[in-house]
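Coordinates in review
Each chain, letter by letter, is given below.
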Amino acid sequence: MLMNPTVRKAPALADVVISVKNVSHAYAQGAVKTLNDVSLDIGRGEMVCLIGPSGCGKSTLLNIIGGLVAPSTGEVLVDGKAINGPSPKSIGFVFQENTLFPWSTIVENVVTALEFQGVPKAERLGRAQAALDNVGLADFRNSYPHQLSGGMKQRASLARALALETDVILMDEPFAALDEQTRTYLGEELSYLLADTKKTIVMVTHSLGEAVFLSDRVVVMTARPAAIKSIIEVDYPHPRDPDFMMSPHFSELRNEIYALLRDEIRQTVGGLVGRAAGRDRSKGDRPVRVVE
Amino acid sequence: MTGIRLGLSSRLIQLTTVLALLFLWYLATTNRWVNPVILPRLDLVWRDLVALVGTGAVYQHLAVTAFELAVAFAIAAVLGLAVGFWVGTSRYASLAFEPLIAGIYAVPLIIFLPLFILFFGLGVQSKIAFGASYAFFPIALNTIGGISQVDQRYLTLARSMKASQWLIFRRVLLPGALPVIVTGLRVGCITGFLSIIGGEMLAGLQGLGSQISRLSEAMNSSQMFAYIVFVIALALVLNFVLSAIENRFKPVGEVA
């Protein structure tokens, strides 16, 4: 079927920005394990998608990288420094829909984020407006969120994260609440925007197509407790266009990821079926490249 | 179109109902179906109301009641907001105190009116204390409720940017809770007004409520009704103004 994808000499691992080291997470006094010994290095300028069955713990991993959740064991280093809480100087977040304050205009929302981050007052408005210009929302800066479409709201959220000028942006299913057409279009736009910047992006998604379209590497996770099942390289230059989406290579990668996920989804959806004892989750069925 | 027509027709029904009741009152008194000492003739009530407003006799009592309400509301607002924010922003305080505050709110505080009179006397102080205790609870409870219904995602977002406690309060909790808090302030002001009128009626020397009970005891029912109509008009105006203010604070995009 599929050959091992060519390993791109990504600027990636020459310069590691995020280093996840043996991170495990559990809650309810360890009764519920969500992450099982996850290790992952992410290089500067890389776009990495985390994909896995719903509820597997991929959002938890993202929140641990961002310092919103503490790991039970293991640690995360960003630029060589251990993460002990939110680090707004180096890490920005884009969440799912509806994190724009409804009582503020779009530009006020971005300005408030800069105020939270500790940016001096004199710089806030200029940076906010520049960020909105950058995502094409200059004409909507004085609109309220409820006056914008779902897609525009997410672009505004992206502008808010870009205005923070962090090296790393973490995205938690940013397009999940949008319809497929809008999300595909925004994906294209994101690829376009990110081609220029040197941002390092980690995105949680449950869309196979989105993961392949946007990522330099797709991290496929197992059912809960999540471990890395496999890492798939996507060797195609940014900005990516619909041609890529229609290429056989795209379909192959998408199918490969789905094949890897099928067992995991069956476990999640089908309850007890296939939950064989002693199964080693740390090794994927077909590890393409697992970064230690 | 249908919305406007529905609104108009419901207004018409309201007006007709009030006019029908007044007409029934008119018939009942002019035909002497009821004792005029209990229910005075409408024209006499109108005459007394005009005299009351015209001579300014009502204003000294209005001034007393308005002063009591203003002071009581100010006290209740300061304490209610302070307690509401403290309880609303602390998980332990909300576990401990929210049921307590809601429980006391369910008690008819009027049973403690004799205590208020003993502590504060028959003058304005006891009405202020009584009105403030009535107004406090809806303000405190709505403040707690308003804070608790602020979307957790906004707080997570603020936390991800390491916003200070003050900025989280100023930029997230306060604007997020404001519509509900303003409702609490309106309800507090109205209940404060009702309880002050009630307190004055039961034990008071001055104020609109005390006039009503004094005139009732003197069996001067047409003047008593003139005061009642005045208080009703006052309550309607107060409610109208407060609702208009409240509407200005409705969440963006939800203003009808």
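Report follows, based on the coordinates. (Residues numbered from 1 in each chain as written. Chains lettered and ligands numbered in written order. Predicted model: local features only at pLDDT ≥ 70, side-chain atom pairs only at ≥ 80, totals over all residues. Heavy atoms only, no water.)

**Looking at the layout of surface pockets**
Residue and element names in this part refer to chain B. Looking at the second largest pocket, its volume works out to about 490 Å³. Going through the elements one at a time, α3 (57-89), α6 (124-148), α7 (152-160) and α8 (165-202) are the ones with two or more residues in the lining of the second largest pocket. Counted by class, the lining of the second largest pocket contains 10 nonpolar, eight polar and three charged residues. (1 Å grid on protein atoms, 1.4 Å probe; cavity = no way out; pocket = protein on both sides within 12 Å on 5 of 7 lines; lining within 4 Å. Points joined across faces, edges and corners; volume = space filled by probe spheres on them. Helix = DSSP H or I, 4+ residues; strand = E, 2+ residues; numbered from the N terminus. Nonpolar A, V, L, I, M, F, W, Y, C, P; charged D, E, K, R; others polar.)

**Focus on the sheet that holds strand β5 (residues 81-82) of chain A**
All names here are of chain A. Pairing is antiparallel across the open sheet formed by four strands, whose spatial order is β2-β1-β4-β5. Taken across any chain shown, the strands that pair with only one partner, and hence form the sheet edges, are β2 (32-43) and β5. Across five bridges, strand β1 (residues 16-27) lies against strand β4 (residues 73-78) in antiparallel orientation. Within β4, the position partnered with S19 by the bridge is L77. (Pairing = 2+ DSSP bridges.)

**Describing empty space enclosed by the protein**
Residues and elements named next belong to chain A. Per the counting criterion, the structure on display carries four cavities of 30 Å³ or more. In this structure, the largest cavity occupies an estimated 70 Å³ of space. Lining the largest cavity we find V94, Q154, R155, L158, M171, P174, F175, L186, E189, L190 and L193. Secondary structure elements with two or more residues in the lining of the largest cavity: α4 (150-163) and α5 (180-196). It is α5 that contributes the most residues to the lining of the largest cavity, four residues altogether.

**As for the environment of D172(A)**
Residue and element names in this part refer to chain A. In this structure, D172 sits in strand β7 (residues 168-172). Taking relative accessible area as the criterion, D172 reaches 12% and is therefore assigned buried. A sequence separation of 35 residues divides D172 from L137, and the C-alpha atoms of the two residues are 22 Å apart. Not counting the four nearest positions on each side in its chain, D172 is found in contact with S59, L62, V94, F95, Q96 and V204. For D172, the side chain forms a polar contact with the side chain of S59, separated by 3.0 Å. (Buried < 20%, exposed > 50% of the residue type's maximum accessible area, 1.4 Å probe, protein only. Contact = heavy atoms within 4.5 Å. Polar contact = N/O pair within 3.5 Å; in protein donor to acceptor, adjacent residues only side chain to side chain.)

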